[in-house]
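Structural characterization, general
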Amino acid sequence: MTNTPNRSVERAFRIVDELSENGGGRASELAARLEMPVSTVHDYLQALVETGYVTAEDKEYRTSTRFLEVGHRQRHRLEVVKAVRDELATVADETGEHVTLLIEEHDQAVILAVQEGPDAINLFAYPGARMPLHATAPGKAMLAHMDDGRVAELVDQGLVEVTSRTVTDPDVLLEQLETVRQRGYAVDEGERIAGMVCIAAPVLDKREQIQGAICVCGPESRLGETRREEIAEVVQRAANVTQVNLDYV
């Protein structure tokens, strides 16, 4: 049995990732960055163009909006998206800040939905954006409710430093996760985005299994201790409503 088909799929997605991360490119540029023959890259690009996942104009290739269609369909199949309903908008109105719904996928926190309040700072967040679990409030909110063995596996992979405030000490992270479990929400202070404070509450189902997290982010200058406690109450309430809604999706 050969692994050639698997390698072909891997190469195709390496090319797609490279196009996505760099906003497009020519076959020769992609080949140089990926260290693959130009002819091979060209063949893959042509196949991707024919399937509609890549566009080509003046020998410049870019990912197409077909990926938006696929992602949109998958997002709406997820029960937590249906369960959150109007909660994100309510949280955004009450806090005035930037609100997101995230899930865990492939050991990362992934944004599913974004809502901006009237005072929100544009964080260029979008559905599908991925980030390290340990460096974000929603990631910690979800980690706190995962099995100890799963958390240990993730920690063993290494805690990458995103900013100077990112927690990279496993013992410190585990202490923080215990605090999250005790008080019901997580906080990160500039651990992923310098100058921003994020507060997140876990969304659990009726079996107490983690389904996602609702997060509010705002500048440190606006989110003092009192304000953080107020926002924590809002996100916890929204997470609770979402949990109840999950029973009826």
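Remember, predicted model here, so these are calculated numbers, not experimental data.

Here we come to the domain arrangement of the protein chain. According to the domain assignment, the protein chain consists of domain 1 (7-68) and domain 2 (78-247). Computed from C-alpha atoms alone, the centre-to-centre distance between domain 1 and domain 2 is 33 Å.

A few words on helix α6 (residues 87-95). If you check which residues of α6 are buried, you get E87, L88, V91, A92 and T95. When α6 is viewed along its axis, its buried side chains cluster within an angular range of 135 degrees and face the same direction. In this fold, the buried residues of α6 make contact with α5 (79-84), β3 (98-105), β4 (108-116), β8 (210-219) and α10 (225-246). The positive-phi residue at the C-terminal boundary of α6 is G96, with phi of around 80 degrees.

Bridging between strand β6 (residues 186-189) and strand β7 (residues 196-204) involves four bridges; their strand directions are antiparallel. The partner of D188 across the bridge, within β7, is C198.

So, about the nonpolar core. Counting 29 residues, the largest nonpolar core has L101, I199 and I214 as its most contacted members. Among the elements of the structure, α5, α6, β3, β4, β7, β8 and α10 are those that each provide at least two residues to this core. Broken down by element, this core gets its largest block of residues, seven residues, from α10. Sequence-distant contacts of L101, that is, excluding residues within four places in its chain, are made with V80, V81, V84, L88, V110, I111, L112, A113, A213 and I214. Residues A109, A141, L154 and A200 belong to the second largest nonpolar core, which totals 28 residues.

Time to look at the UniProt feature "domain: HTH iclR-type" (unreviewed entry) in the protein chain. Summarizing the sequence annotation, UniProt attributes the feature "domain: HTH iclR-type" (unreviewed entry) to residues 6-65 in the numbering used throughout. Secondary structure across residues 6-65 divides into 63% helix and 13% strand, with the first and last C-alpha atoms of the span separated by 25 Å.

Right, let's get into the pattern of salt bridges. This structure, assessed with the given rule, holds 13 salt bridges. Note that R150 is salt-bridged to E104, the shortest N-O span being 2.8 Å. Placement of the pair is R150 in helix α8 (residues 148-156) and E104 in strand β3, with a sequence separation of 46 residues. A salt bridge links R165 to E220; its shortest N-O distance comes to 2.7 Å. Residue R165 is located in the loop between α8 and α9 (170-183), and its partner E220 is located in the loop between β8 and α10; the two are separated by 55 residues in the primary sequence. The exposure class assigned to E220 is partly exposed, which follows from its relative accessible area of 28%. Among the ionic contacts, a cluster of salt bridges with common partners joins E104, D107 and R150.

Another aspect to go through is the state of the cysteines. Every disulfide links exactly two cysteines, by a covalent bond between their sulfur atoms. According to the stated counting rule, one finds one disulfide in the structure shown. At a sulfur-sulfur separation of 2.1 Å, the disulfide partner of C198 is C217. Residues C198 and C217 are joined through a disulfide that is right-handed, its torsion about the S-S bond being 110 degrees. Placement of C198 in strand β7 and of C217 in strand β8 is noted, with a sequence separation of 19 residues between them. For the pair formed by C198 and C217, the shared burial category is buried. You can see C215 has no disulfide; the closest cysteine sulfur is in C217, sitting 3.7 Å from it. Assessed through its relative accessible area of 2%, C215 is described here as buried.

A few words on unusual backbone geometry. If you check the backbone angles, H106 has positive phi at about 50 degrees while not being a glycine. Positionally, H106 belongs in the loop between β3 and β4. Since its relative accessible area comes to 66%, H106 is described here as exposed. Positive phi outside glycine occurs at F124, with the angle close to 55 degrees. Locating F124 in the fold gives a position in the loop between β4 and β5 (130-132).

Calculation notes
Residues numbered from 1 in each chain as written. Predicted model: local features only at pLDDT ≥ 70, side-chain atom pairs only at ≥ 80, totals over all residues. Heavy atoms only, no water. Domains from an automatic or database assignment. Buried < 20%, exposed > 50% of the residue type's maximum accessible area, 1.4 Å probe, protein only. Helix = DSSP H or I, 4+ residues; strand = E, 2+ residues; numbered from the N terminus. Arc of directions from axis to C-beta. Contact = heavy atoms within 4.5 Å. Pairing = 2+ DSSP bridges. Core = buried A, V, L, I, M, F, W, Y, C linked by side-chain atoms within 4.5 Å. UniProt positions renumbered as here; feature names shortened; annotations may be inferred. Salt bridge = Lys/Arg side-chain N within 4 Å of Asp/Glu carboxyl O. Disulfide = S-S within 2.5 Å.

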